[in-house]
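# Working through the structure, step by step
Here is what each chain is made of, one letter per residue.
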Amino acid sequence: KAEENTTHTPSIRDNVLPILKSTCATCHDGTATLPDLRDANAYKSIVQGNYVSVSDPENSSLIHKIRSGHPYTNALTESEIQRIVGWIKEGAPNN
């Protein structure tokens, strides 16, 4: 039996948005604070708003903001941050 490819491309829908929605979407709800993390707008708001740098994921403004302690009331774990970084490293695909 041939080995199956177990490589998993991180997904904004499955890996990133659940994290951001549970920790950030209360304030980033499209009314005043960018990026807008509502489902229909999140990808465009994050990528076109220059919150990610696929050439230097760790230095993306999104990662800097998260590592600086934002959101202030519900900080992300290192594992959650690394899932977001992994998605950016894969080119921040809209999948």
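Residues numbered from 1 in each chain as written. Predicted model: local features only at pLDDT ≥ 70, side-chain atom pairs only at ≥ 80, totals over all residues. Heavy atoms only, no water.

## Notes on helix H4 (residues 78-89)
Helix length check: H4 (12 residues) gives 16 Å between terminal C-alpha atoms against 16 Å at 1.5 Å per residue, within 8%. Taken residue by residue, H4 has Glu80, Ile81, Ile84, Val85, Trp87 and Ile88 as its buried positions. Along the long axis of H4, the arc covered by the buried residues comes to 155°, so they all point the same way. Contacts from the buried residues of H4 go to helix H1 (12-23), helix H2 (42-48) and helix H3 (61-67). After H4 finishes, the residue Gly91 shows a positive phi value of roughly 100°. (Helix = DSSP H or I, 4+ residues; strand = E, 2+ residues; numbered from the N terminus. Expected span 1.5 Å × (residues − 1). Buried < 20%, exposed > 50% of the residue type's maximum accessible area, 1.4 Å probe, protein only. Arc of directions from axis to C-beta. Contact = heavy atoms within 4.5 Å.)

## What about H1?
Of all the positions in H1, only Ile12, Asn15, Val16, Leu17, Ile19, Leu20 and Thr23 are classed as buried. The arc that holds the buried residues of H1, viewed along the axis, is 160°, so those residues lie on one side. When the buried face of H1 is taken as reference, the exposed residues oriented beyond 90 degrees from it are Arg13 and Ser22. Here the buried face of H1 lies against H2 and H4. Capping of H1 at its N-terminal end is provided by Ser11; its side-chain oxygen lies 3.1 Å from the backbone amide nitrogen of Arg13. (Polar contact = N/O pair within 3.5 Å; in protein donor to acceptor, adjacent residues only side chain to side chain.)

## Structural notes on the side chain of Glu80
Examined against the element boundaries, Glu80 turns out to sit in helix H4. Look at Glu80: it is buried, it has no salt bridge, and the nearest opposite charge is Arg83 at 4.5 Å. (Lys, Arg positive; Asp, Glu negative; His and termini not counted. Salt bridge = Lys/Arg side-chain N within 4 Å of Asp/Glu carboxyl O.)

## Quick word on the nonpolar core
Formed by 20 residues in total, the largest nonpolar core has its most connected members in Leu20, Ile46, Val52, Ile84 and Trp87. Residue assignment for this core shows that the elements contributing at least two residues are H1, H2, H3 and H4. The residues touching Trp87, leaving out its near neighbours within four places in the chain, are Pro10, Ser11, Ile12, Val16, Tyr43, Ile46, Val47, Val52, Ala92, Pro93 and Asn95. (Core = buried A, V, L, I, M, F, W, Y, C linked by side-chain atoms within 4.5 Å.)

## As for the packing of H1 against H4
Here H1 crosses H4 at 135°, and the two axes come no closer than 10 Å. Taken together, the axes of H1 and H4 lie oblique to each other. Considering how the two elements wind past one another, H1 and H4 form a crossing that is left-handed. Here Ile12, Asn15, Val16, Ile19 and Leu20 of H1 lie close against H4, whose contacting residues are Glu80, Arg83, Ile84 and Trp87. Residue composition of the contact of H1 with H4, grouped by class: six nonpolar, one polar and two charged. (Axes fitted to C-alpha atoms, helices over the stretch in contact; angles between N-to-C directions. Parallel < 35°, antiparallel > 145°, perpendicular 65-115°, else oblique. Left-handed = near helix turned anticlockwise from the far one by under 90°. Nonpolar A, V, L, I, M, F, W, Y, C, P; charged D, E, K, R; others polar.)

## What about the confidence of the model for the chain?
The predicted model of the chain averages 89 in pLDDT, with 92% of residues at 70 or higher. Between residues 1-5, whose pLDDT stays under 50, and residues either more than four places distant or in other chains, the model counts zero contacts. (pLDDT = per-residue confidence, 0-100.)

## Overview of the pattern of salt bridges
For the structure shown, the criterion picks out five salt bridges. Across the pair Asp36 and Arg38 runs a salt bridge whose closest N-O atoms are separated by 2.6 Å. On the basis of relative accessibility, which here comes to 8%, the residue Asp36 falls in the buried class. Between Glu78 and Arg67 there is a salt bridge, with the nearest N and O atoms lying 2.9 Å from each other. Here the residue Glu78 occupies a position in helix H4, and Arg67 occupies one in helix H3, the gap between them amounting to 11 residues. Accessibility expressed as a relative area gives 41% for Glu78, which makes it partly exposed. One salt-bridge network, held together by shared partners, links Glu58, Arg67 and Glu78.

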